[in-house]
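Residue-level structural notes
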Amino acid sequence: EELWLVRQGKEKDLLQGLILVAASLVHAGNDKMDIAWPMLSRALPKLEAQPDVYYGWDIRKFRDHFTRALEAKVLTIPTV
């Protein structure tokens, strides 16, 4: 989390979104979906205004995967 503290703008939002997704997966792994789903819903808006690709990483595919997961309430780990 310390990394996003020194960033600004879209890059800060991207890092916060990725951290929130990761944290939601940790909670899901501990069978705490009551925490995981709201955390994921907070992460997705931070990933919304990002470029489709960031340093070769397909952010759009990643974001779309978790958007579908949240809508279906079925969480799987994507391959990106």
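Just above sits the structure.
Below: a short report on this structure. Small disclaimer: the values here were computed from a predicted structure and weren't measured.

Let's shift gears to the overall build of the protein chain. In terms of regular secondary structure, the protein chain is built from four helices and two strands. Taking 80 residues into account, the globule formula puts the C-alpha radius of gyration at 12 Å, and the protein chain, at 12 Å, falls close to it. For the protein chain, the spread of C-alpha atoms along the principal axes amounts to about 30 × 25 × 20 Å. Here the protein chain, with 80 residues, has 32% of them falling under the buried criterion. Of the contacts made within the protein chain by residues no fewer than 6 positions apart, 43% connect residues no fewer than 24 positions apart. Total accessible area on the protein chain is roughly 5,200 Å²; 55% of this is exposed by carbon and sulfur atoms. If the 11 positive side-chain charges of the protein chain are averaged to one point and the 11 negative ones to another, these points end up 2 Å apart.

This next bit is on the packing of aromatic side chains. Any aromatic ring pair is given by two values, namely how distant the centres are and how the planes are angled relative to each other. For the coordinates displayed, the defined rule picks out three aromatic pairs. With a centroid separation of 4.8 Å and 85° between ring planes, the pair formed by Tyr 54 and Tyr 55 is classed as edge-to-face. Taking the relative accessible area as the measure of exposure, Tyr 55 reaches 77% and is therefore exposed. Ring geometry for Trp 57 versus Phe 62: centroids 5.1 Å apart, planes at 55°, classification tilted. Put simply, the rings of Trp 57, Phe 62 and Phe 66 pair up and form one aromatic cluster. Above the plane of the ring of Trp 37 lies Lys 73, whose end atom (NZ or CZ) is 5.3 Å from the centre.

Moving on, we get to the packing of helix α2 (residues 9-29) against helix α3 (residues 33-48). Viewed as axis vectors pointing N to C, α2 and α3 meet at an angle of 165°, and their least axial separation amounts to 8 Å. Overall, the two elements α2 and α3 adopt an arrangement that is roughly antiparallel. Pair α2 / α3 crosses with left-handed handedness. Taken together, the residues of α3 that come into contact with α2 (itself represented by Asp 13, Leu 14, Gln 16, Gly 17, Leu 18, Leu 20, Val 21, Ala 23, Ser 24, His 27 and Ala 28) are Met 33, Ile 35, Ala 36, Met 39, Leu 40, Arg 42, Ala 43, Lys 46 and Leu 47. Across the contact of α2 with α3, the residue classes tally to 13 nonpolar, four polar and three charged.

Cut-offs applied
Residues numbered from 1 in each chain as written. Predicted model: local features only at pLDDT ≥ 70, side-chain atom pairs only at ≥ 80, totals over all residues. Heavy atoms only, no water. Helix = DSSP H or I, 4+ residues; strand = E, 2+ residues; numbered from the N terminus. Rg over C-alpha atoms; globule rule 2.2 N^0.38 Å. Buried < 20%, exposed > 50% of the residue type's maximum accessible area, 1.4 Å probe, protein only. Contact = heavy atoms within 4.5 Å. Areas by Shrake-Rupley, 256 points an atom, 1.4 Å probe, with all protein chains shown as cover. Lys, Arg positive; Asp, Glu negative; His and termini not counted. Charge placed at Lys NZ, Arg CZ, Asp CG, Glu CD. Phe/Tyr/Trp six-rings, centres within 6.5 Å; stacked < 30°, edge-to-face > 60°. Lys NZ or Arg CZ within 6 Å of the ring centre and 35° of its normal. Axes fitted to C-alpha atoms, helices over the stretch in contact; angles between N-to-C directions. Parallel < 35°, antiparallel > 145°, perpendicular 65-115°, else oblique. Left-handed = near helix turned anticlockwise from the far one by under 90°. Nonpolar A, V, L, I, M, F, W, Y, C, P; charged D, E, K, R; others polar.

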